[in-house]
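One letter stands for each residue in the lines below.
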Amino acid sequence: KQSHDTELGQNIKRKVTMNAINTSVSLNMSIVRPEYFFITGLTGIQYSRYFYMFLFCTYVIAVIGNSAVLLLVAVERSLHSPKYIGVFNLALADFGEANALIPNMMKTFLFDSQYISYNACLANMFFVFFFSTMQSSTLVVLAYDRFIAICLPLRYHAIVTNTIMCFIFSAIWAFNAFMVGTLVLLINRISFCKTNVVQSFFCDHGPVYKLSCNDRTVNAVLAVFNMCLYLIVPLILIVLSYICILFALSKVTTWEGRLKALKTCVTHLLLVASLFLPILCIYLFASTTTLSPNARVISSSFSYAIPPMINPIIYVLNTAEIKDFIRKIFKNRSRPT
């Protein structure tokens, strides 16, 4: 009875909000914006709270793990190299995405606060997409680092320097902020006069702009462009870099030399798999079958929440420099004073 009353109250609130929107339409306003959006999340699942608690556990691990990586790279002078500038930026993007997405999700679904103001929705959309674009962009830069290190080893220290890497990442942060900012700001040009219910677990761009009742062609084109720019293009560049790497390794005479070079790529390949595989699986299933709203929410939330949690673990388990630094710390602590 209590859950029925809660759902009835939410339906009444939604009707009141949409009545206000329709009143605005009757006043012939050119752009109509709702005061609030309603985030649906998982619907009709009895134990959905446990799923959100699981995501909260991934958030805690992601924050602790990425904070540790950021601290290690910042403190240890031996890690002040071009490769670890990339690692630092990826950890920073993971840390930012986890904080932009999951705490807001906890507030929304664990405390029955599924309404989010219009401006807060756009802010949430910007930060989630901004940090996620930084993840894919950083993996491309790390692929470039591995390509130069293996294909042009004698020129590596001349081509890939700390200054060049800092310049590259500064440009990427600025460019991605501009692209995502444009994507989000263009939401202001569409009107919402049908519903304010967002079929997602956060203010996702696609479900939001598809609620519009006027021309949304520009929003749709920019959404496809950004998907290509931050999903398809990075994958193509990474695959091409590894084709070149495999071609260069084919010229190495010994298997030991080939394996030694490939081991330096294992960490990067695992990072690429953890980020792109879940997203590709979602697009594959969506294109071949009809996903229910709950299945789409669960799969999408996994693709956003799992990589920031897994990446710090991959750094520690597969990066010799970080493992050596951790061993050094424990040895110094275990020595008698």
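Residues numbered from 1 in each chain as written. Predicted model: local features only at pLDDT ≥ 70, side-chain atom pairs only at ≥ 80, totals over all residues. Heavy atoms only, no water.

**Thoughts on the overall build of the protein**
Secondary structure assignment for the protein yields 11 helices and three strands. Ordered by position from the N terminus, the helices and strands of the protein form the series α-β-α-α-β-α-α-α-β-α-α-α-α-α. Taken across its 337 residues, the protein has 45% of its residues classed as buried. Contacts in the protein between residues far apart in sequence, at least 24 positions, make up 79% of those at least 6 positions apart. Accessible surface, the protein as shown: approximately 17800 Å² in total, 68% of it carbon and sulfur. (Helix = DSSP H or I, 4+ residues; strand = E, 2+ residues; numbered from the N terminus. Buried < 20%, exposed > 50% of the residue type's maximum accessible area, 1.4 Å probe, protein only. Contact = heavy atoms within 4.5 Å. Areas by Shrake-Rupley, 256 points an atom, 1.4 Å probe, with all protein chains shown as cover.)

**Remarks on the UniProt feature "transmembrane region" (unreviewed entry) in the protein**
Look at the UniProt record and you will see "transmembrane region" (unreviewed entry) annotated at residues 50-72, 84-102, 122-144, 164-187, 220-249, 261-285 and 297-318. Helix makes up 100% of residues 261-285 and strand 0%. Its end C-alpha atoms lie 35 Å apart. (UniProt positions renumbered as here; feature names shortened; annotations may be inferred.)

**Some words on the packing of helix H4 (residues 118-151) against helix H8 (residues 217-249)**
Axis separation between H4 and H8 bottoms out at 9 Å; the angle between their running directions is 15 degrees. Judged on the interaxial angle alone, H8 and H4 are roughly parallel. Between H4 and H8 lies a crossing whose hand is left-handed. Where H4 approaches H8, its residues Thr133, Ser136, Ser137, Leu139, Val140, Ala143, Arg146, Phe147, Ile150 and Cys151 are matched on the opposing element by Tyr230, Pro234, Leu237, Ile238, Ser241, Tyr242, Cys244, Ile245, Ala248 and Leu249. (Axes fitted to C-alpha atoms, helices over the stretch in contact; angles between N-to-C directions. Parallel < 35°, antiparallel > 145°, perpendicular 65-115°, else oblique. Left-handed = near helix turned anticlockwise from the far one by under 90°.)

**Considering the state of the cysteines**
Note on terminology: a disulfide is the covalent bond linking the sulfur atoms of two cysteines. Overall, the coordinates contain two disulfides when judged by the stated rule. The disulfide that involves Cys193 links it to Cys213, with 1.9 Å between the sulfurs. With the S-S dihedral at roughly 135 degrees, the linkage between Cys193 and Cys213 falls on the right-handed side. Of the two residues, Cys193 is situated in the loop between helix H6 (162-185) and strand S3 (197-198) and Cys213 in the loop between helix H7 (205-209) and H8; the sequence distance between them amounts to 20 residues. Using a relative accessible area of 29% as the deciding quantity, one classes Cys213 as partly exposed. Taken in N- to C-terminal order, the disulfide-linked cysteines of the protein are connected 1-3, 2-4. We note that Cys265 lacks a disulfide partner, and the nearest cysteine sulfur, in Cys151, lies 9.1 Å from it. (Disulfide = S-S within 2.5 Å.)

**Structural notes on the sheet that holds strand S1 (residues 36-39)**
Strand pairing in a sheet takes place through backbone hydrogen bonds and is either antiparallel or parallel in direction. Across the sheet, which stays open at both edges, the three strands sit in the order S2-S1-S3 with mixed pairing between neighbours. Every other strand in the sheet has two partners, leaving strand S2 (115-117) and S3 as the edge strands with one partner each. Where S1 lies against S3, two bridges are found, and the strand directions are parallel. Bridge pairing in S3 places Ile39 opposite Val198. Lying over the sheet, H4 contacts S1 and S2, oriented at roughly 90 degrees with respect to S2. (Pairing = 2+ DSSP bridges.)

**Considerations on the pattern of salt bridges**
One pass over the full model with this rule turns up one salt bridge. Between Asp145 and Arg146 there is a salt bridge whose closest N-O contact spans 2.8 Å. For the pair formed by Asp145 and Arg146, the shared burial category is buried. (Salt bridge = Lys/Arg side-chain N within 4 Å of Asp/Glu carboxyl O.)

**Description of the packing of H6 against H8**
Contact geometry for H6 and H8: axes closest at 10 Å, N-to-C directions at 155 degrees. In terms of axis orientation, H6 runs roughly antiparallel to H8. In the crossing of H6 with H8, the sense of the turn from one axis to the other is left-handed. Each of Phe175, Asn176, Met179, Thr182 and Leu183 in H6 lies in contact with H8, whose residues at this interface are Leu222, Ala223, Phe225, Asn226, Leu229 and Tyr230. Per-class residue counts for the contact of H6 with H8 are eight nonpolar, three polar and no charged. (Nonpolar A, V, L, I, M, F, W, Y, C, P; charged D, E, K, R; others polar.)

**Remarks on the pairing of S1**
In this sheet, S2 lies alongside S1 in antiparallel orientation, the contact comprising three bridges. Paired with Tyr36 across the strands is Ser117, a residue of S2.

**Focus on the side chain of Glu76**
Note on placement: Glu76 falls in the loop between helix H2 (48-75) and helix H3 (82-110). Among the polar contacts listed, one links the side chain of Glu76 to the side chain of Ser78, at a separation of 2.7 Å. Not counting residues within four places of it along the chain, the set of residues in contact with Glu76 comprises Phe325 and Lys328. (Polar contact = N/O pair within 3.5 Å; in protein donor to acceptor, adjacent residues only side chain to side chain.)

**A short note on the nonpolar core**
Phe37, Tyr52 and Ile187 are the most contacted members of the largest nonpolar core, which totals 56 residues. Every element with two or more residues in this core is listed here: S1, H2, H3, H4, helix H5 (156-159), H6, H7 and helix H10 (293-318). For this core, the leading source of residues is H4, giving 12 residues. The next biggest cluster of nonpolar side chains, apart from the first, holds 29 residues, and it includes Leu79, Leu142, Ala143 and Ile245. (Core = buried A, V, L, I, M, F, W, Y, C linked by side-chain atoms within 4.5 Å.)

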